[in-house]
Amino acid sequence: MSLLIKGGEIAREEGAPVRGDVLVENGVIKAVGQNLEAPEGVREVDADGKIVAPAMFDAHVHFREPGQEHKEDIAHGTEAAINGGVTGVVMMPNTSPVIDSAAVVGAVLDKARQVSRIPVYTSGCITKGRTGEGLAGIDGMRNLGVVMLTDDGDPVANPAVLKNAMEYATSFGMFFASHCEVPELSGPRALNEGKVSYQLGIKGSPACSEEICMDRDIRLAHATGAHVHIQHVSSAIGMKTVRWWKERGAKVTAEVAPHHLIFNEEDIGEYDTHYKMNPPLRTLEDNAALLEGLKEGVFDLIATDHAPHGEFEKGQDFVSAPNGITGLETALVSLHDRFIAAGEFGWDLIVKRYSAEPRRLMGLDPVAVEEGKSAELVVFDPAGETTFSRDFMRSKSVNTPFLNQTLKGRVDLVVRGSEVLLER
Ligand SMILES: [Zn+2]
């Protein structure tokens, strides 16, 4: 497959996009420059007015396989990723059975090799059975390439267990991803404790539940020499906790999810479960602080926490419905609509935080639209629109607040190596 992508604005990690043509031949970027001519037989793609960016990478997705394939599976999850301009993902291990041993890791990676058109990585559990007690089969998982350990969905409640795991796994070059909350403070884990929880009469989960655990996990990492990655930070003090520790040299990285930047507890309205996730949506002030943290670099990366659930499950009452929303198909367009188009930040931030840094976290080389690099890119039309209809979605689930909404921006083309993964 060879392509000449003409006249696009090439997005980079540093600086504003630069206009240029991109020649892809046999999966490799052969040339980047002005007024390139298409060699014989090479198809031309008009990218005038469009962004040509390195493809995205999502370090936090739930693909529900094995065990809950009616919600999502690796085949549909990876196609949803491609639909959103994402060409690499890291699965979370809270499947059924959980991913806590070499045997399950092997089965998941084998399946991914059979059904996925993009690379799939998986994290592994910290504790056996994700029960918070004995350690998972850490060295066996490491032998199969697992580098991220997490009990995501829950914290490791016992700090002695986490400390032990950190001392052990750090010697293998692995790192920890922490889902932070104090279960005893979180109640039914339905929504933020505050104005809206009082109005609705549902016990809320206070931001301090997340912040106490975050501080604890970073302290444990600092004490043991481990690297801890804080997942889905949702509050202003959470952002400041990460900043405080970074300033003191702790080995900490952190992520923020698009929904925590865009929505807040007021959006729940009349018990709309498409706004229910854990950690919950908090306040307008938290939205502003998270955006500030993203611009400042407190957050190393953006990750969606793509969490598919069926309509039956999300159709229950607000307390019973499961936590989480899908994100892979909506992330790039919604970040463009809300922030890039509004002038809050530029494509350099997106490339750094949703493409380069998540790959670096996983020990991978970032992809870039540069001569000599392997082709792994998206063409994005900022003047286009995307309607997130059921037909549009490739995920098995459609539990997103953006369902049937039309947003500014459209992923037009996704290329990886010598394959055009998507063309609209
Ligand atoms: Zn989580």
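None of the values given here were measured: they were computed from a predicted structure. (Residues numbered from 1 in each chain as written. Predicted model: local features only at pLDDT ≥ 70, side-chain atom pairs only at ≥ 80, totals over all residues. Heavy atoms only, no water.)

**Examining the packing of helix α7 (residues 207-224) against helix α8 (residues 236-247)**
Convention followed: Throughout, an axis means a line fitted to C-alpha atoms (over the contacting stretch in the case of helices), and angles, computed between N-to-C directions, take values from 0 to 180 degrees. The secondary structure listing takes helices from DSSP runs of H or I that are at least 4 residues long and strands from runs of E that are at least 2 residues long, numbered from the N terminus. Throughout this description, any angle smaller than 35 degrees is read as roughly parallel, any larger than 145 degrees as roughly antiparallel, any in the 65 to 115 degree range as roughly perpendicular, and the remainder as oblique. By convention, the crossing between two helices is left-handed when the near helix turns anticlockwise from the far helix through less than a right angle, and right-handed when the turn is clockwise. Contact definition: two residues touch when any of their heavy atoms are within 4.5 Å.
For the pair α7 and α8, the least separation of the axes is 9 Å and the interaxial angle reads 15°. As judged from the angle between their axes, α7 and α8 are roughly parallel. Note that α7 runs across α8; the crossing there is right-handed. Of the residues in α8, those touching α7 at Glu-211, Met-214, Asp-215, Ile-218, Arg-219 and His-222 are Ile-237, Gly-238, Thr-241, Val-242 and Trp-245.

**Quick word on empty space enclosed by the protein**
Rules: For each structure, a 1 Å grid was placed over the protein atoms alone; sets of points admitting a 1.4 Å probe that cannot get out are labelled cavities, open sets with protein on both sides within 12 Å along at least five of seven lines are labelled pockets, and lining residues have an atom within 4 Å of a point. Grid points are joined across faces, edges and corners, and a volume is the space filled by probe spheres set on the points.
Here the structure, examined in full by the defined rule, presents three cavities of 30 Å³ or more. Lining the largest cavity are Pro-258, His-259, Phe-263, Thr-304, Ile-325, Thr-326, Gly-327, Thr-330, Ala-331, Ser-334 and Phe-402.

**Some remarks on the side chain of Arg-216**
One can find Arg-216 in helix α7. If we skip the residues at most four places from it in the chain, Arg-216 touches Val-156, Ala-157, Asn-158, Pro-159 and Leu-162.

**Quick word on the pattern of salt bridges**
Rules: Counted as salt bridges are all cases of a side-chain nitrogen of Lys or Arg within 4 Å of a carboxyl oxygen of Asp or Glu.
Here the structure, examined in full by the defined rule, presents 34 salt bridges. A salt bridge links Arg-360 to Glu-13, with the shortest nitrogen-to-oxygen separation between them at 3.0 Å. Taken together, the residues span a long stretch of sequence, with Arg-360 in helix α13 (residues 347-361) and Glu-13 in the loop between β1 (2-10) and β2 (18-25) at a distance of 347 residues. Asp-154 serves as the salt-bridge partner of Arg-189, at 3.2 Å between the closest nitrogen and oxygen. Separated by 35 residues along the polypeptide, Arg-189 in the loop between α5 (183-186) and α6 (195-200) and Asp-154 in the loop between β9 (148-149) and α4 (159-170) bring together distant segments of the chain. In the salt-bridge network here, residues are joined through shared partners; they are Glu-13, Glu-14, Lys-352, Glu-357 and Arg-360.

**What about the coordination of the zinc ion?**
How we decide: Note that water is not among the atoms considered, so a metal site may appear incomplete; the donors listed are N, O and S atoms within 2.8 Å of the metal, with 3.2 Å applied to Na, K and Ca. Only protein chains enter the calculation, and the probe is 1.4 Å; a residue is then buried if its accessible area is under 20% of its type maximum, exposed if over 50%, and partly exposed in between.
Those donors, Asp-152 (OD), His-179 (ND1) and His-232 (NE2), are the protein atoms that reach the zinc ion, and they lie 2.0 to 2.3 Å from it. The sequence motif formed by the donor residues of the zinc ion is D-x26-H-x52-H. Note that Asp-152 is positioned in the loop between β9 and α4 and His-179 in the loop between β10 (175-178) and α5, a separation of 27 residues in sequence. His-179 gets classed as buried once you look at its relative accessible area, which sits at 4%.

**Some remarks on the nonpolar core**
Filter applied, for reference: Throughout, nonpolar core names a set of buried Ala, Val, Leu, Ile, Met, Phe, Trp, Tyr and Cys residues whose side chains join them through atoms within 4.5 Å. Where each domain starts and ends follows an automatic or database-derived domain assignment.
Judged by nonpolar contacts, the single largest core of 103 residues is most densely connected at Phe-176, Ile-230, Leu-261 and Ile-350. Broken down by element, the residue count for this core peaks at six residues, all from helix α12 (residues 331-340). Counting the residues that make up this core, at least three belong to each of domain 1 (2-52 + 371-384 + 393-423) and domain 2 (55-361). If we ignore the near neighbours within four places in the chain, the residues touching Phe-176 are Ile-126, Leu-149, Leu-162, Ala-165, Met-166, Ala-169, Thr-170, Ala-226, His-227, Val-228 and His-229. Listed in part, the 15 residues of the second largest apolar core include Ile-29, Ala-375, Leu-377 and Leu-413.

**What to know about the domain arrangement of the chain**
Stated precisely, the cut-off is as follows: When two parts are put together, the accessible area they lose, computed with a 1.4 Å probe and summed over both, is reported as buried area. Pairs of N or O atoms are called polar contacts if they sit within 3.5 Å, as long as, within protein, a hydrogen donor faces a hydrogen acceptor (for residues adjacent in sequence, only side-chain-to-side-chain pairs).
Here the chain is partitioned into domain 1 (2-52 + 371-384 + 393-423) and domain 2 (55-361). Here domain 1 and domain 2 have C-alpha centroids that lie 28 Å from each other. Taken residue by residue, the interface counts 34 residues in domain 1 and 48 residues in domain 2. For the pair domain 1 and domain 2, the summed buried area comes to about 3400 Å², and 60% of that belongs to carbon and sulfur atoms. In terms of surface lost to domain 2, no three residues of domain 1 exceed Glu-13, Lys-396 and Asn-399, which account for 22% of the buried area on that side. Seen at the junction of domain 1 and domain 2, the total is seven salt bridges. Across the pair Lys-352 and Glu-14 runs a salt bridge, and its minimum N-O distance is 3.5 Å. Across the domain 1-domain 2 interface, the total number found is 21 residue pairs in polar contact (both at pLDDT 80 or more).

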